[in-house]
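# Coordinate analysis (summary)
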Amino acid sequence: MSDPRKRIYRITRCIWLGPYASLERGEALRAAGISHILNVGEAPSVLAAEDGQIREVTWRPVLDLERIPDKIAIDCITHLHRMVCEPRANIYVHCIAGQNRSPTIVWLYLIACGSQPEIAKNMIVRRA
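The structure reproduced in this document is the subject of the present report. (Residues numbered from 1 in each chain as written. Predicted model: local features only at pLDDT ≥ 70, side-chain atom pairs only at ≥ 80, totals over all residues. Heavy atoms only, no water.)

## A closer look at the packing of helix H2 (residues 70-84) against helix H3 (residues 101-112)
The interhelical angle for the contact between H2 and H3, taken along N-to-C directions, is 70°, at an axis separation of 10 Å. Viewed along their axes, H2 and H3 adopt a mutual orientation that is roughly perpendicular. Between H2 and H3, the contacting residues are Ala73, Cys76, Ile77, Leu80, His81 and Val84 on the first element and Ile105, Leu108, Tyr109 and Ala112 on the second. (Axes fitted to C-alpha atoms, helices over the stretch in contact; angles between N-to-C directions. Helix = DSSP H or I, 4+ residues; strand = E, 2+ residues; numbered from the N terminus. Parallel < 35°, antiparallel > 145°, perpendicular 65-115°, else oblique. Contact = heavy atoms within 4.5 Å.)

So, in structure tokens, the structure goes:
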């Protein structure tokens, strides 16, 4: 079994999901070709954009175990879409555990792109 501190999950061709982008997980993110990080957790990012591979780290805090307000959800989806549209983008979406907020944002994004809610949910559950 791989080291859980380095475990990340590919959901689509360019969207990845998982727990907090810690310094320990940074190695796995770089190995996966991650170019953008969208942090939807309550804690600020410890990884930063660097010369080379990780081009952007964006923090959009979302409270855990609460309904995501529409304005915040739309903001997160808008940032994720902008990142997805960049050339050669691989985006890592994370919160603290990668089990509530970040999968919800990815799910909402997939629905906004035209996926049926149940199909989007099953894609995330199967791959993560």
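Now that the structure has been shown, we can carry on.
## What to know about the environment of Leu29
Mapped onto the elements of the fold, Leu29 is located in helix H1 (residues 23-31). What makes Leu29 buried here is its relative accessible area of 0%. A C-alpha to C-alpha distance of 28 Å links Leu29 and Glu118, two positions 89 residues apart in sequence. Not counting residues within four places of it along the chain, the set of residues in contact with Leu29 comprises Ile8, Ala21, Ile34, Ile37, Leu47, Gln53 and Tyr92. (Buried < 20%, exposed > 50% of the residue type's maximum accessible area, 1.4 Å probe, protein only.)

## A short note on the pattern of salt bridges
This model, assessed by the stated rule, comprises eight salt bridges. For Asp75, the salt bridge identified is with Arg60, shortest N-O distance 2.8 Å. Placement of Asp75 in helix H2 and of Arg60 in the loop between strand S4 (56-59) and H2 is noted, with a sequence separation of 15 residues between them. On the basis of relative accessible area, Asp75 is assigned to the partly exposed category, the value being 28%. Its salt-bridge partner being Asp70, residue Arg67 comes within 3.1 Å of it at the nearest N-O pair. Here the salt bridges do not stand alone but share partners, grouping Arg55, Glu56, Arg82 and Glu86 into one network. (Salt bridge = Lys/Arg side-chain N within 4 Å of Asp/Glu carboxyl O.)

## Here we look at H3
The terminal C-alpha atoms of H3, which comprises 12 residues, lie 16 Å apart, in line with the 16 Å expected from a rise of 1.5 Å per residue. Among all positions of H3, only Arg101, Ser102, Pro103, Ile105, Val106, Tyr109 and Leu110 are buried. In this fold, the buried residues of H3 make contact with strand S2 (15-18), H2, strand S5 (91-94) and helix H4 (117-127). (Expected span 1.5 Å × (residues − 1).)

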